[in-house]
Amino acid sequence: MAEKNVYIAPEEIERERGIINLIKSNYATPKFAMVETFGCQQNVNDSQRIEGMLMEMGYTLTDKREEADVIIFNTCAIRENAHARVFGNLGALKHLKAKKPSLIIGVCGCMAQQEHIAKRIKSKYKHVDLVFGTHVLWRFPEFLADVLQHRERLIDISGEGVIAEGLPVNYDGGAKAFVSVMYGCNNFCSYCIVPYVRGRERSRKEEDILSEISFLAKDGVKEVMLLGQNVNSYGKDLGKEDAFADLLSKVCRIDGIERIRFMSSHPKDISTKLLETMAREDKICKSLHLPLQSGSDKVLSDMNRHYDRGKYLSIVEKARELMPDISLTTDIIVGFPTETEEDFEDTLSVLREARYDSIFSFIYSSRVGTKASQMENVSTEEEIDARFRRLLEVQNDISYSLNLRHEGNIERVLVESVSKTDEAMLTGRNYANKIVNFKGDRSLIGKFADVKITKAQTWVLFGEQV
Ligand code: SAH
Ligand code: SF4
Ligand code: F3S
């Protein structure tokens, strides 16, 4: 059951709100701030919280570093290249700080939550004023006020997983929004840093989630993506079983919300009830992200995933039986320490059987403190690189052939923007979250359009408005 102290008390939130007002009257106007996000949707959502707080303090958001008076990096720790990108970008801020000593630079998020990283920033990146971890994000106003007032460096990576409701969020006014339904992870997959930097699983209360989505719907949001590291265990800490399917049904009843997506769904916890709810409810996109990681039973066991390829493929079969048009996507790790050539062949064979619309593939990256970081590598870097290339080849063929199935269909597309490559084209997404480009008027941005798909490529679909 949830610890009582998981939810931050309203008085504490009020205190932070008081500090927001204090900064507003003493410091922030007229000044600029920017939050740069590295990492997953959960981080994007957290950045929106920091932006929301900054905006209420009176800061204007900018996307130009040169203009900013406050720069916050919200970081990711999932793979070594995520770390490298942040350190590279932090180095580049040094000259900005030299030119404008009043600039405040902060680093937060999953990477900052790790002690060895906080230490390294402290000793090697002296131009960073503020480091704060994921568990104290809600105390950002207090930290910023402290730095503004005392001009001393502040590092706080204390605390454990909490839920803080009632602080401002910058919903950027688009038709799509992310809504976190839970935080943290209990699964300790042997390769993964997330449980160490995000704490234990904790679910937001249903009423808080539903009222946030109702608010968003009134604000013009049409599509919500419900987020959690494993949405299938939503509500377990509140003493409820299979609560995510019920939550989805309730979100479907909210007027104005027309499309619902969710991620991620751990195969060990997915229920038939969830698949049936997806099949029954028109508003839930027939699109499922079901991370496989590996197709080898031995590697899956070493990864501590708690399912095997048989169980995984039976879920895929059930999903297809209930939703013949379902679009499937997955995550694959290549080069897990114990992965041999044969194990990798097993992954390819699942790809061919499950037939994913697309995959997110990663080369294994050793993370400090995880179980897998203690395992010996059985393959060389060259072997792993070659596997990675083969994986993409196999998948590209599958993606292309599955994209062909859209040709001739009339599909509903939520229009996002003008295409980056062609001014005359609009770009949006169909139910499967695939990019659809078509000629149309800018006034369609943020709205749904019916588009006849005329041509498929590996990564995009092209069509004509009907
Ligand atoms: N909670 C989600 C995953 C979040 S991380 C889930 O379980 O589905 C997103 C993806 O990053 C994972 O699915 C995995 O494929 C990949 N990943 C995580 N740790 C990694 C590591 N150490 N090296 C390479 N890829 C990793
Ligand atoms: Fe990481 Fe596994 Fe948790 Fe996903 S379920 S966040 S891969 S530990
Ligand atoms: Fe997301 Fe990266 Fe943290 S993937 S949860 S931002 S480690």
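The structure presented is a predicted model; accordingly, all values stated were derived computationally and were not measured.

### With respect to the site of ligand 1
Phase 1 of the analysis: Not every one of the 15 residues close to ligand 1 is listed here, only the nearest: Q229, P291, Q293, D331 and S365.
Phase 2 of the analysis: A distance of 2.8 Å separates a nitrogen atom of ligand 1 from a polar atom in the side chain of Q229.
Phase 3 of the analysis: Take R305: an N or O atom from its side chain is 3.5 Å from an oxygen atom of ligand 1.
Phase 4 of the analysis: Across the complex, the protein chains shield 90% of the 540 Å² of accessible surface that ligand 1 would expose by itself.
Phase 5 of the analysis: Those elements giving two or more residues to the shell around ligand 1 turn out to be strand 13 (327-334) and strand 14 (358-363).
Phase 6 of the analysis: By residue class, the composition of the shell around ligand 1 is seven nonpolar, four polar and four charged.
Phase 7 of the analysis: The two domains that each donate at least three residues to the shell around ligand 1 are domain 2 (171-285) and domain 3 (287-404).

### Quick word on the pairing of strand 3 (residues 70-75)
Phase 1 of the analysis: Within strand 3, six of the six residues are buried, which leaves it mostly tucked inside the rest of the structure.
Phase 2 of the analysis: Here strand 3 shows no split at all, with V70, I72 and N74 on one side and I71, F73 and T75 on the other all buried.
Phase 3 of the analysis: As paired elements, strand 1 (residues 32-37) and strand 3 share five bridges and run parallel to each other. Counterpart to T37 in the pairing with strand 3 is N74.
Phase 4 of the analysis: In this structure, strand 3 lies alongside strand 4 (residues 104-109), joined through six bridges in parallel fashion. Note on strand 4: the bridge partner recorded for V70 is I104.

### Regarding the site of ligand 2
Phase 1 of the analysis: The environment of ligand 2 is made up of C185, N187, F188, C189, Y191, C192, V194, P195, Q229, H266 and R305.
Phase 2 of the analysis: Taken together, the residues of the shell around ligand 2 break down into seven nonpolar, three polar and one charged.

### Quick look at the domain arrangement of the chain
Phase 1 of the analysis: Taken domain by domain, the chain holds domain 1 (4-156), domain 2 (171-285), domain 3 (287-404) and domain 4 (410-465).
Phase 2 of the analysis: A straight line from the C-alpha centre of domain 1 to that of domain 2 covers 26 Å.
Phase 3 of the analysis: Taken together, the contact between domain 1 and domain 2 spans 16 residues of the former and 19 residues of the latter.
Phase 4 of the analysis: Area buried by domain 1 at its contact with domain 2 is led by Y7, Q41 and Q42, which between them contribute 38% of it.
Phase 5 of the analysis: There are one salt bridge connecting domain 1 and domain 2.
Phase 6 of the analysis: In this structure, R198 engages D46 in a salt bridge whose closest nitrogen and oxygen atoms are separated by 2.9 Å.
Phase 7 of the analysis: Put simply, domain 1 and domain 2 have eight residue pairs in polar contact (both at pLDDT 80 or more) between them.
Phase 8 of the analysis: A breakdown of the residues in the side of domain 1 that touches domain 2 according to their chemical character gives six nonpolar, eight polar and two charged.

### What about the sheet that holds strand 4?
Phase 1 of the analysis: The strand order 2-1-3-4-5-6 describes an open sheet built from six strands, whose pairing is parallel. Across the chains shown, the open sheet's two edge strands, defined by having one partner strand only, are strand 2 (60-61) and strand 6 (154-156).
Phase 2 of the analysis: Each of strand 1, strand 2, strand 3, strand 4 and strand 5 (130-132) touches helix 2 (residues 41-56); the most contacted strand, strand 1, lies at about 170° to it.

Rules and cut-offs
- Residues numbered from 1 in each chain as written.
- Chains lettered and ligands numbered in written order.
- Predicted model: local features only at pLDDT ≥ 70, side-chain atom pairs only at ≥ 80, totals over all residues.
- Heavy atoms only, no water.
- Near = heavy atom within 4 Å.
- Polar contact = N/O pair within 3.5 Å; in protein donor to acceptor, adjacent residues only side chain to side chain.
- Areas by Shrake-Rupley, 256 points an atom, 1.4 Å probe, with all protein chains shown as cover.
- Helix = DSSP H or I, 4+ residues; strand = E, 2+ residues; numbered from the N terminus.
- Nonpolar A, V, L, I, M, F, W, Y, C, P; charged D, E, K, R; others polar.
- Domains from an automatic or database assignment.
- Buried < 20%, exposed > 50% of the residue type's maximum accessible area, 1.4 Å probe, protein only.
- Pairing = 2+ DSSP bridges.
- Contact = heavy atoms within 4.5 Å.
- Buried area = accessible area lost by both parts, 1.4 Å probe.
- Salt bridge = Lys/Arg side-chain N within 4 Å of Asp/Glu carboxyl O.
- Axes fitted to C-alpha atoms, helices over the stretch in contact; angles between N-to-C directions.

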